Amino acid sequence: MTETKPEAGAPPEQPQPRLWTPAGFREDEWTHAESAEALVGNGRIILPLQAFLDLDPEQRKSARERLGVLLQPGDKLDALADLLGDLSLVALAFPAFNDGRSFSKAELLRSRHNFEGRVRATGQVLIDQLPHMLRVGFDEFEVTHPVLIKRLESGEVGGIGVYYQPAARASATAGKYSWRRLPSQ
């Protein structure tokens, strides 16, 4: 059997993302699309912010259960704040591992805007960031990093057992110090 090698200078092929939740890997029923034309079918669609904002308000309301939005790090959460009731999923992009603006957006969605829908991380989701993502309010992850996939398949989420800062999800205090917190379960 012969293997085909990518052409010299060709970008490496991106692995297909796998959806992970704290309950484990599962099939992803959501599809990323670039325009509202994807709403023609009955599938669940994640649109970029501007495509979502361009939808007719009635179309947003009628498609609420199957409509999600993707926010890039530079997108303003305030543009979406009054429309969160028209969404069941907000996906926050991590195009680079060193861009943490989506951490803040997840925490603000949960604490300031009381968003109860799904908050999904897409892009560069890494093993050392996953426990922090869970603490600030993410509950779904599109995972492509091979090391993270392998660890999650073996049940290793990682993280630190005691925290000092509060989180979007309530946590119990640890011991006699009110500022020490245990991870939420």
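To keep things clear, this report deals only with the structure shown in the data block. What you are looking at is a predicted structure, and each value in this text was computed from that prediction instead of being measured.

## As for the side chain of D86
Relative to the helices and strands, D86 is located in the loop between β5 (67–71) and β6 (89–94). Of the residues examined, D86 reaches a relative accessible area of 10% and is grouped as buried.

## Remarks on the pattern of salt bridges
Summed over all chains, the structure comprises 13 salt bridges. Across the pair R44 and E29 runs a salt bridge, and its minimum N-O distance is 3.3 Å. One end of the pair, R44, is in strand β4 (residues 44–48); the other, E29, is in the loop between β2 (24–26) and β3 (30–32), and 15 residues separate them in sequence. According to the relative accessible area criterion, E29 is partly exposed, its value standing at 40%. A salt bridge links E142 to R120; the shortest N-O distance between them is 2.8 Å. Of the two residues, E142 sits in strand β8 (residues 140–143) while R120 sits in strand β7 (residues 118–123), which places them 22 residues apart along the sequence. With respect to class, E142 is no different from R120; both count as buried. Three or more residues are tied together by salt bridges with common partners; here these are R26, D28, E29, R44, R118, R120, E140 and E142.

## Some details on the side chain of T122
Following the sequence through the fold, T122 ends up in strand β7. Discounting residues that sit within four places of it in the chain, T122 has contacts with H32, L70, A91, L92, A93, F94 and E142.

## Examining the sheet that holds β6
The strand order across the open sheet formed by eight strands is β2-β1-β8-β7-β6-β5-β4-β3, and the pairing between neighbours is mixed. In the strand order of this sheet, the two ends are held by β2 and β3, each with one partner. Averaged over all neighbouring strand pairs, the angle between strand axes comes to 30°, with direction disregarded. Here β4 runs beside β5; their pairing, made up of four bridges, is parallel. Residue pairing across strands places I46 opposite G68, the latter belonging to β5. Against the sheet, helix α3 (residues 101–111) engages β5, β6 and β7, with an angle of about 160° to β6.

Thresholds applied
- Residues numbered from 1 in each chain as written.
- Predicted model: local features only at pLDDT ≥ 70, side-chain atom pairs only at ≥ 80, totals over all residues.
- Heavy atoms only, no water.
- Helix = DSSP H or I, 4+ residues; strand = E, 2+ residues; numbered from the N terminus.
- Buried < 20%, exposed > 50% of the residue type's maximum accessible area, 1.4 Å probe, protein only.
- Salt bridge = Lys/Arg side-chain N within 4 Å of Asp/Glu carboxyl O.
- Contact = heavy atoms within 4.5 Å.
- Pairing = 2+ DSSP bridges.
- Axes fitted to C-alpha atoms, helices over the stretch in contact; angles between N-to-C directions.

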